[in-house]
Amino acid sequence: MKDTYILFWHRRDLRIKDNIGLYNALTSGHKVIPMFIFDSEILDDLPKNDARVTFIHKELEKINDTLKENNSSINVQHGKPIEVFKKIIDTLDISAVYTNHDYEPYATKRDKKIAELLKEHDIEFKTFKDQVIFEKEEVLKNDGDPYVVYTPYSKKWLENLTEKKYQSVDCESNYKSFAEKSFDFPSLEDIGFEASDIQPVPFSLDDDLIDEYEDTRDYPAKDGTSRLGPHLRFGTISVRKCVQHALESKNDTFLKELIWREFFMQILWHHPESAKNNFRSKYDGIQWRNNEDEFKAWCEGKTGYPIVDAGMRQLNETGYMHNRVRMITGSFLCKHLLIDWRWGEAYFAEKLLDFDQAQNVGNWQWVAGTGCDASPYFRIFNPTSQIKKYDKNHTYIKEWVKDFGESSYPEEIVEHKFARERCLETYKEGIED
Ligand SMILES: Cc1cc2nc3c(=O)[nH]c(=O)nc-3n(C[C@H](O)[C@H](O)[C@H](O)COP(=O)(O)OP(=O)(O)OC[C@H]3O[C@@H](n4cnc5c(N)ncnc54)[C@H](O)[C@@H]3O)c2cc1C
């Protein structure tokens, strides 16, 4: 029988170490061609200097360099995935496509279409769990329903956790199974993009950071968080490795954040409609003010509230915003300005290097109070007392708001006490009993 190839399709797993789908492909007895598609359905809506595209391109280059050392290379394509697959089926002798699960609503629809196409050509489509410890229906309530509240979900998650669930797989010993093929590697310009200066900072999984995380994570001026966001989003690190490190610490706060990530992933998987709709429909009656000038001031970091402005300016300049400040800026948008959480979600989606639909939607709905396990609507962050608690020396603010304390710095866009009362009234009127 003629030897056929397995195509391994990288998506949110830009690494060739500890990658479950890839490991299964490499140990299948067939030669493996790794592949990535710059999906024009996603790329066409992005600015030409999108930082995430630059990051993906760089990570693929790194993969390609390692593959070249092993006489192989990655097949990088650009176009609509279905069209790319039609072309590949015509040009390469493929018996199976292996890939890791991608849970976002767009991805599940795309994968369904690809699976149908492959079936028509008698090509197997094998998919694996890789980007989470528990997926889909693996952590359910005793009655079989999915959880909508974090605390019992996390308890069950921990109960179900066995060592096997976070064991790494050894891809490196199997690199000899990569096909000896040489593919041209496209430049960013070839796919219609240009390099961005904004890049993720390296992550840290240091023992000290994880041990002290609970005490330091809320202070935006400190380097107290891991900066794993984009790396988990694009899979340049495996979640199993993160969990292994988290479990080594006596303090479980960091592990709990990794569980929040999986909580929101399963929420979006079970409730794909929550990407666009309030998770709780009783909030549908809220009359958002949606003032465009105020939205612009928020986006540009010109609200006159220094901690809000620092966060937005940090986001605009670096593609990152500290979690505490994401909560403050998010609350300010929805509650002080009464702007629909979907506007804020879309702005963060455009700017965040770690943008992940499940996390972004889940957290925005948490902030707005419309979400599954949300902050109560009457919890309105006071942007001034938040400074006293978390940036009392103004270290963070001064880093990002260069005109802080100067006459050019804008006046407060709205008075806090007035905005608070307006918010409470609007929510009360809008919420169905
Ligand atoms: C309005 C708003 C929008 C957000 N949008 C995103 C987003 O698009 N993508 C994203 O990954 N996170 C999002 N978050 C969650 C959180 O802010 C980021 O995960 C975190 O700031 C990333 O920095 P870090 O990697 O240093 O996190 P660390 O504090 O070091 O946490 C480690 C990891 O745990 C996970 N995690 C931490 N906090 C949360 C959380 N609240 N919810 C879910 N997972 C969490 C992340 O994967 C994170 O990388 C959002 C939070 C808010 C309030």
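These figures come from a predicted structure and were not determined experimentally. (Residues numbered from 1 in each chain as written. Predicted model: local features only at pLDDT ≥ 70, side-chain atom pairs only at ≥ 80, totals over all residues. Heavy atoms only, no water.)

Points about the site of the ligand
Put simply, the rule is: We call a residue near a molecule or strand whenever a single non-hydrogen atom of that residue lies within 4 Å of it. N or O atoms closer than or at 3.5 Å make up a polar contact, with two conditions inside protein: a donor-capable atom paired with an acceptor-capable one, and, for residues adjacent in sequence, both atoms drawn from side chains. Under the convention used here, a 1.4 Å probe and the Shrake-Rupley method define accessible areas, while residue burial counts only the protein chains that appear. A cavity here means a set of points on a 1 Å grid, drawn over the protein atoms and nothing else, where a 1.4 Å probe fits but cannot get out; a pocket is an open set with protein on both sides within 12 Å along at least five of seven lines, and a residue lines either one if it has an atom within 4 Å of a point. Any molecule with more than half of its atoms within 2 Å of a cavity's or pocket's grid points is counted as sitting in it. Put simply, DSSP marks the helices as runs of H or I at least four residues long and the strands as runs of E at least two long, and each gets a number from the N terminus on. For this classification, Asp, Glu, Lys and Arg are treated as charged, while Ala, Val, Leu, Ile, Met, Phe, Trp, Tyr, Cys and Pro are nonpolar and the rest, including Gly, are polar. Where each domain starts and ends comes from a domain assignment, either automatic or drawn from a database.
In the vicinity of the ligand, 26 residues are found, and the nearest of them are Tyr 213, Thr 225, Ser 226, Arg 227 and Asn 323. Within the backbone of Arg 227, one N or O atom sits 2.7 Å away from an oxygen atom of the ligand. Asn 360 places a side-chain nitrogen or oxygen 2.9 Å from a nitrogen atom of the ligand. Considering the ligand on its own, with 810 Å² of exposed area, one finds that the protein chains cover 97% of that surface. More than half of the atoms belonging to the ligand lie within 2 Å of the grid points that define the largest pocket. When contributions to the shell around the ligand are tallied by element, the ones reaching two or more residues are helix H8 (229–234), helix H10 (253–270), helix H13 (323–336) and helix H15 (357–368). The biggest single contributor to the shell around the ligand is H10, with 6 residues. Its residues assigned to classes, the shell around the ligand shows 13 nonpolar, 7 polar and 6 charged. Counting contributing residues per domain, the shell around the ligand is built from domain 2 (132–165 + 204–270) and domain 3 (281–428), each supplying no fewer than three.

Overview of the sheet that holds strand E5 (residues 124–128)
Rule in force here: When DSSP finds two or more bridges between two strands, those strands count as paired. Axis definition: a line fitted to C-alpha atoms, over the contacting stretch in the case of helices. Angles run 0 to 180 degrees between N-to-C directions.
Strand order in the open sheet formed by 5 strands is E3-E2-E1-E4-E5, with parallel pairing between adjacent strands. Each having just a single partner strand, strand E3 (75–79) and E5 make up the two edges of the open sheet. Strand after strand, the sheet turns through a mean of 25 degrees between neighbouring axes, direction not considered.

Overview of helix H9 (residues 239–248)
For the record, the criterion: For every residue, the accessible area obtained with a 1.4 Å probe (protein chains only) is divided by the maximum for its type, and the residue is called buried under 20%, exposed over 50%, and partly exposed between those limits. This arc is built from the directions going out from the helix axis to the C-beta atoms. Residues are treated as being in contact if the distance between any of their heavy atoms lies within 4.5 Å.
Residues of H9 that are buried: Val 239, Arg 240, Cys 242, Val 243 and Ala 246. Buried positions in H9, seen along its axis, are confined to an arc of 155 degrees and lie on one side of it. If you follow the buried residues of H9, they end up packed against helix H1 (20–26), helix H6 (150–160), helix H7 (207–216), H8 and H10.

Some points on empty space enclosed by the protein
The test is simple: Grid points are joined across faces, edges and corners, and a volume is the space filled by probe spheres set on the points.
Using the criterion set out here, one finds 6 cavities of 30 Å³ or more in the structure. Put simply, the largest cavity is a space of about 80 Å³. What lines the largest cavity is simply Phe 264, Ile 267, Leu 268, Ser 274, Phe 279, Ala 358, Val 361, Gly 362, Gln 365, Gly 371 and Cys 372. When residues of the lining of the largest cavity are traced back to their parent elements, those giving at least two are H10 and H15. It is H15 that provides the largest number of residues to the lining of the largest cavity, a total of 4 residues. Here the lining of the largest cavity is built from residues that sort into 7 nonpolar, 4 polar and no charged. Built from parts of two domains, the lining of the largest cavity gets at least three residues from each of domain 2 (132–165 + 204–270) and domain 3 (281–428).

Topic: unusual backbone geometry
Even without a glycine there, the phi angle at Asn 71 is positive, about 60 degrees. As for its placement among the helices and strands, Asn 71 is situated in the loop between helix H3 (51–69) and E3. On the accessibility criterion, Asn 71 (51% relative accessible area) is exposed.

Overview of the layout of surface pockets
The gaps of empty space that remain are located by a probe, the size of a water molecule, rolled over the atoms. What the largest pocket holds in volume is close to 1,300 Å³. Taken together, 45 residues make up the lining of the largest pocket; nearest its centre are Tyr 213, Glu 257, Trp 260, Asn 323 and Asn 363. Of all the secondary structure elements, the ones that give two or more residues to the lining of the largest pocket are H6, H8, H10, H13 and H15. In terms of residue class, the lining of the largest pocket is made up of 21 nonpolar, 12 polar and 12 charged.

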